Amino acid sequence: MTETTSRSFASLPLSAAQLAVLQQLEYVEMTPIQAATLPLALAGHDLIAQAKTGSGKTAAFALPLLARLNPRHFGVQAMLICPTRELAEQVAQELRRLARAQDNIKVLTLCGGSPARAQVNSLEHGAHIVVGTPGRLMDHIERGSLKLDGLNTLVLDEADRMLDMGFFDDIAWVASHCPTGRQTLLFSATYPEGIAKLASQFLRQPRQVKLTETH
Ligand code: ADP
Ligand code: MG
């Protein structure tokens with residue numbers, strides 16, 4: 001990163017309310033991956049972002065999707081795919097913290113190991129954001145309980161781990177059921193071959209950001 005790149009969240013096109021929430025959470029300045037990706041993602045570009053664990057990748061994809069969320073529209077506007085239930089719960093928790101600036105944003109986790117029936121009920125009541133694991137997301141799309149016509153952001157988190165776990169075809173299936181005009185944000189700690197294949201099939205002119213260990 002160059003010296004001139006601002007690390008201040010205030011340099012971004014975020015609402016005053018969102019900046020206040022970041023301050024409350026004691027997010028004083030952007031981490032390097034946030035500083036490198038947030039301006040691009042907020043401008044609407046698809047992204048392939050690579051940075052190590054603990055570098056702050058969640059806020060890097062959460063802030064752009066929250067910025068364009070319409071709280072008055074009770075339909076799924078963002079879907080986040082994670083490798084495990086535990087990671088999906090963590091991402092959902094961070095999203096709920098960052099979403100405090102807006103009223104009543106509903107974030108729903110859709111993972112295996114919980115009864116699908118209860119999830120169908122929750123989806124019927126309306127959710128703005130869903131975070132889930134590939135198999136259960138596929139189930140809900142297939143049943144018609146998860147409708148994706150209002151989706152504007154698709155996030156693939158820990159994409160390298162999902163590929164390690166053999167989820168390529170499931171992710172491809174889910175992505176092929178999303179509206180084509182969406183923004184797709186792919187985050188990963190490493191860059192195995194399958195990532196380039198996923199990106200070439202499901203991202204549109206992605207910007208690539210890679211931070212090395214020294215950051
Ligand atoms: P990653 O997904 O890259 O492993 P996380 O998004 O889980 O990283 O972030 C790691 C930790 O850093 C979390 O506890 C998160 O709340 C915190 N964090 C993220 N961004 C900032 C920031 N700009 N300032 C302070 N803490 C941050
Ligand atoms: Mg993460």
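It should be noted that the structure appears before, not after, this text.
No experiment lies behind these values; they were computed from the predicted model shown.

1. Let's talk about the site of ligand 1
- All residues adjacent to ligand 1 are Tyr-27, Met-30, Thr-31, Gln-34, Thr-53, Gly-54, Ser-55, Gly-56, Lys-57, Thr-58 and Ala-59.
- Of all the elements, helix α3 (residues 57-67) adds the most residues to the shell around ligand 1, at three residues.
- Of the residues that constitute the shell around ligand 1, the class distribution is three nonpolar, seven polar and one charged.

2. Observations regarding the packing of helix α6 (residues 134-143) against helix α8 (residues 168-176)
- Contact pair α6 / α8: the axes reach a minimum separation of 10 Å and the direction vectors enclose 35 degrees. Between α6 and α8 lies a crossing whose hand is left-handed. On the side of α6, the interface is formed by Pro-134, Gly-135, Leu-137, Met-138 and Ile-141, while α8 contributes Asp-170, Ile-171, Trp-173 and Val-174.
- Among the residues making up the contact of α6 with α8, the classes are represented as seven nonpolar, one polar and one charged.

3. With respect to the pairing of strand β2 (residues 78-81)
- Burial along β2 is two-sided: the face carrying Ala-78 and Leu-80 and the face carrying Met-79 and Ile-81 are both buried.
- Both β2 and strand β4 (residues 129-132) contribute to a ladder of four bridges, which runs parallel. Looking at the pairing, Ile-81 lines up with Gly-132 of β4.
- Sheet topology places β2 next to strand β5 (residues 153-156); four bridges connect them, and they run parallel. Considered in β5, the bridge of Ile-81 is made with Leu-156.

4. Overview of the packing of helix α2 (residues 32-42) against α3
- Between α2 and α3, the least distance of the axes is 9 Å, while the angle of their chain directions is 20 degrees. In this view, α2 runs roughly parallel relative to α3, as classed from their interaxial angle. Crossing hand, α2 versus α3: right-handed. Together, Ile-33, Gln-34, Thr-37, Leu-38, Ala-41 and Leu-42 of α2 and Lys-57, Ala-59, Ala-60, Phe-61, Leu-63, Pro-64 and Ala-67 of α3 make up the contact between the two elements.
- Looking at the contact of α2 with α3, its residues break down into ten nonpolar, two polar and one charged.

Parameters at a glance
- Residues numbered from 1 in each chain as written.
- Chains lettered and ligands numbered in written order.
- Predicted model: local features only at pLDDT ≥ 70, side-chain atom pairs only at ≥ 80, totals over all residues.
- Near = placed C-beta within 6 Å.
- Helix = DSSP H or I, 4+ residues; strand = E, 2+ residues; numbered from the N terminus.
- Nonpolar A, V, L, I, M, F, W, Y, C, P; charged D, E, K, R; others polar.
- Axes fitted to C-alpha atoms, helices over the stretch in contact; angles between N-to-C directions.
- Left-handed = near helix turned anticlockwise from the far one by under 90°.
- Contact = placed C-beta atoms within 7 Å.
- Buried ≥ 20, exposed ≤ 12 C-beta atoms within 10 Å, placed from the backbone.
- Pairing = 2+ DSSP bridges.
- Parallel < 35°, antiparallel > 145°, perpendicular 65-115°, else oblique.

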